[in-house]
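Geometric and topological summary
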Amino acid sequence: MSILTVENLRIAFGGVIAIDGVSFSVRRNEIFALIGPNGAGKTTLFNMISGLYVPQSGRIVLDGEDVTNFTPQELARRGMSRTFQNLQVFFRMSAAENVMVGRHLHENRNVFAHLLALPSVHAQNRTTRARAEELLALVGLEGVADRAASSLPYGALKRLEIARALATEPKILLLDEPAAGCNPVETEEIDAVIKTIAAQGVTVVLVEHDMRLVMRISNRIHVLDRGRTLAEGSAAEVRSNPAVVTAYLGGLGEQEAARARD
Amino acid sequence: MRRCLNSPFLLILALGAVVALLPLILPSNFYVRVVAIVYINALAVLGLNLLMGFAGQVSLGHAGFFGIGAYAVALGPVYLGLPGWASLIGGTALSGLLAFVVGRPILRLSGYYLAIATLGMGVLISMVVSNEANITGGPNGMEVPRLVLFGSRITGSLTWYWISGITLVIGALIVVNLIESPTGRAFRAIHDSEIAARVLGVDVARYKLLAFVLSAVFTSIAGSYLVLLDGFVTPNTTSFLLSIELVVMAVLGGLGSILGSIVGAAILVILPQFLTVFHDYEHAVLGAIIIVFLIFLPSGIVPALASLIRRGPA
C-alpha cells in the first residue's frame, strides 16, 4: 500500500518547465530515493510535495488524502516532514531548542497559559525537552543539547535537521541531500541514522547526490532528468539502465564506463 | 555572573531588587522621575523587542501605538467621561485591536517593505492626532487629567516610579515566560527560518500577528503612563522620531535581550541629561556615541558583554 502518490506533477518557472509530468508512488515503510543530474528538478519536486510550491497540474495523495494544494503546516499535521539541502537551522537557538520547535504541533498552544507560565507549561517544557534529547541521541548528537546551533559543525547541523523533522512524529520524512557536503565518515553516520529511522517505521524519501549512499540504503530509486522521469527500479536495475548512465556521464559515458578499470 | 545572565528568572529577581532599592540612593525627586521615565520607555522597548528581537519583524511605526495609549488617557476622561484607569485599559485594547487589524495585511510583507508599511501606519496615526486639532489640541497638545485610583489622585514622581517599576517587572516576567514557552520558540524559529518553521507546523502568520499585537499592547501602556506622569500630551508621543528612538533603544541594548531593552532605554533617556553640557552639539554627540556603540558592539550592549563574560574566566 502506498503512503505517497504523485501523479503527473508539472510546474514551470517562466519558460522553464522544471517538472514535466512526473509520477511515482512510495510504499509504506520503504526508503525511496530520487536521483538525477544537477538541474533535474529533484529539489523542485520536493518543494511541491512538501507544500512550498503549488503545482500547476497533477495530484499529490498522502495516505489516501488528496493534499495537492495543502500548505506546509497542513502537511505537517498529516504527518509529513522534511529537511533542507541548504540548511534551514534556527541558528540563534540551541540544538535542543531547534528540536523542541519540531514538537510544536504536539504541544498545548494556549498563549495565555504561556504568558502566565502556568505549571502545565513547565511540565510540558520538560517533556518536550526530554523528547528532544532522545532524538538528538538518535542522530548521534548527545552531549550538544545546550550548544548554540551556530557553533555546531556542518555534518552535525545536517543531523540536527533530521532530529528536528523527526520531532514532528512524521509518517513520511523527506530528506533533501542529507549527506551533501559531508565527508565519508559523516556520510556513513547519516547512512546509519536513515536506516534507524526507517527501522522505526517512518517512510523515507530522499534526494541524494552521493550514489554510494543511495545504492546502499534505498529500496527503490526514481531517476529524473530535465524534469522528466528517466527510470525507476532497484539499485541494480537503475545502475544498469543505459539511459541513466547516459544522463549522468553524457553520450559517450557508456563506452567510457565500460572501458574504465574497476 | 554567567549563570545570572543565563537564567531569566534570576534576571527578574535582580530587576525587582533594583526597582525596590534604587529610590534609597537616588539623591532627588528629579532622578526618581528620570528613572521612572526609563522604566516607561523600557516597557515600550520590551514590547518592541518581542516583535523585532524575538520574532524578527521590524516596526518603524510603534510610536503610533504609544500615541494611542497617550491620547486615550487624555481623551477618554474629557470626551467620554471615563475614569483614567478605564481609558488606559481602553487605549490598550484599542492598540491591540488596531495591531490585529493592520497586522493581518502588512505582516505578509518582510524586510524593507514591512518597515515602510509600519512607518506609514505610524505616520497616519500621527497625522490624525495633529490634524484633529479641535479634539486633540493639535500640535499644542492637551492636558491629561490626573489618574484617580480608589478615590485618591495618583501624582508625584515617586508614585509613578513605583507604578512604572512594578509594571516593568511584570512586563519582563511576561516576556520571560513567553520566550521559554512553545509560543516563544515559535517566535524565534520564525526569526531564523520561516520556511523551516512552516514545515514544522508553526502557523507563521498567526505568530507574527501575535507578536505584533503583544508589542502594541506593551507600547500603548507605556504611552499612557508617560503622559499620565507628565500631565500633558503632545503629538510628539506619536512622532516618527519616537518610533526611531524606540528602535534605537532596542538595537543599542541588544535585540532579543530583555536586560538589553532596559539598558537601551536607560542610555537613551539618561545620556541626553548629561549631554546638555554640550549645548547646541548635544544631539551630534548623542548620535556619535550611538554610532561608536554600534560599531564596536554590533550585537548590542548586553549580548556583547554577556559573550565577553562567557569567553573570559567565568
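Here the structure is a predicted model, which means the values were calculated and not measured.

1. So, the overall build of chain A
A tally of helices and strands in chain A yields eleven helices and ten strands. Along the first, second and third principal axes, the C-alpha set of chain A runs to 70 × 40 × 35 Å. Relative to its 262 residues, chain A shows a buried fraction of 42%. Counting contacts in chain A only where the partners sit at least 6 residues apart, residues at least 24 apart contribute 65% of the total.

2. Here's the deal with the interface of chain B and chain A
Contacts between the two partners involve 23 residues from chain B and, on the opposite side, 31 residues from chain A. Of all the elements in the fold, those that place two or more residues in the side of chain B that touches chain A are helix H8 (157-179), helix H9 (182-192) and helix H10 (194-199) of chain B. The element contributing the most residues to the side of chain B that touches chain A is H9(B), with eight residues. Class assignment for the residues of the side of chain B that touches chain A results in eleven nonpolar, six polar and six charged.

3. Let's talk about helix H13 (residues 258-275) of chain B
Counted at 1.5 Å a residue, the expected span for H13(B) with its 18 residues is 26 Å, and the 26 Å between its end C-alpha atoms agrees. Next to the buried residues of H13(B) lie helix H2 (8-25), helix H3 (29-54), H8, helix H12 (240-253) and helix H15 (301-311) of chain B.

4. A short note on the nonpolar core
Grouped together as the largest cluster of nonpolar side chains are 165 residues, with contacts concentrated most on A:Ala163 and B:Leu43. Counting residues per element, this core draws most heavily on H3(B), at 17 residues. The residues that make up this core include at least three from each of domain 1 (2-79 + 170-259) and domain 2 (90-163) of chain A. If we ignore the near neighbours within four places in the chain, the residues touching A:Ala163 are A:Val99, A:Leu135, A:Leu136, A:Leu138, A:Val139 and A:Leu141.

5. Observations regarding the environment of A:Ala243
Residue and element names in this part refer to chain A. By the element assignment, Ala243 lies in helix H10 (residues 242-249). With 18 residues separating them in the primary sequence, Ala243 and Asp225 have C-alpha atoms 9.8 Å apart. Residues contacting Ala243, with those up to four places away along its chain left out, are Leu230 and Ala231.

6. Considerations on the sheet that holds strand E5 (residues 65-66) of chain A
Residues and elements named next belong to chain A. Pairing is antiparallel in the open sheet, where four strands are placed in the order E2-E1-E4-E5. Where the open sheet ends on each side, the last strands, each with one partner, are strand E2 (16-27) and E5. Pairing of strand E4 (residues 57-62) with E5 involves two bridges; the strand directions are antiparallel. Bridge pairing in E5 places Leu62 opposite Glu65.

7. As for the pairing of strand E10 (residues 228-233) of chain A
Residues and elements named next belong to chain A. Relative to E10, strand E9 (residues 220-225) is paired through five bridges, and the arrangement is antiparallel. In the strand pairing of E10, His222 is matched with Glu232. The loop that links E9 with its antiparallel partner E10 comprises two residues; one of these, Arg226, has a positive phi angle of about 50 degrees.

8. So, the domain arrangement of chain A
All names here are of chain A. We note that the domain assignment places domain 1 (2-79 + 170-259) and domain 2 (90-163) within chain A. Domain 1 and domain 2 are separated by 28 Å when their C-alpha centres are compared. At the interface, eleven residues of domain 1 touch nine residues of domain 2. Looking at the side of domain 1 that touches domain 2, the elements with two or more residues in it are helix H2 (72-77) and helix H7 (184-199). Of the residues forming the side of domain 1 that touches domain 2, the biggest block, five residues, is contributed by H7. In the side of domain 1 that touches domain 2, the residues fall into six nonpolar, two polar and three charged.

Rules used in this analysis
- Residues numbered from 1 in each chain as written.
- Chains lettered and ligands numbered in written order.
- Predicted model: local features only at pLDDT ≥ 70, side-chain atom pairs only at ≥ 80, totals over all residues.
- Helix = DSSP H or I, 4+ residues; strand = E, 2+ residues; numbered from the N terminus.
- Buried ≥ 20, exposed ≤ 12 C-beta atoms within 10 Å, placed from the backbone.
- Contact = placed C-beta atoms within 7 Å.
- Nonpolar A, V, L, I, M, F, W, Y, C, P; charged D, E, K, R; others polar.
- Expected span 1.5 Å × (residues − 1).
- Core = buried A, V, L, I, M, F, W, Y, C linked by C-beta atoms within 7 Å.
- Domains from an automatic or database assignment.
- Pairing = 2+ DSSP bridges.

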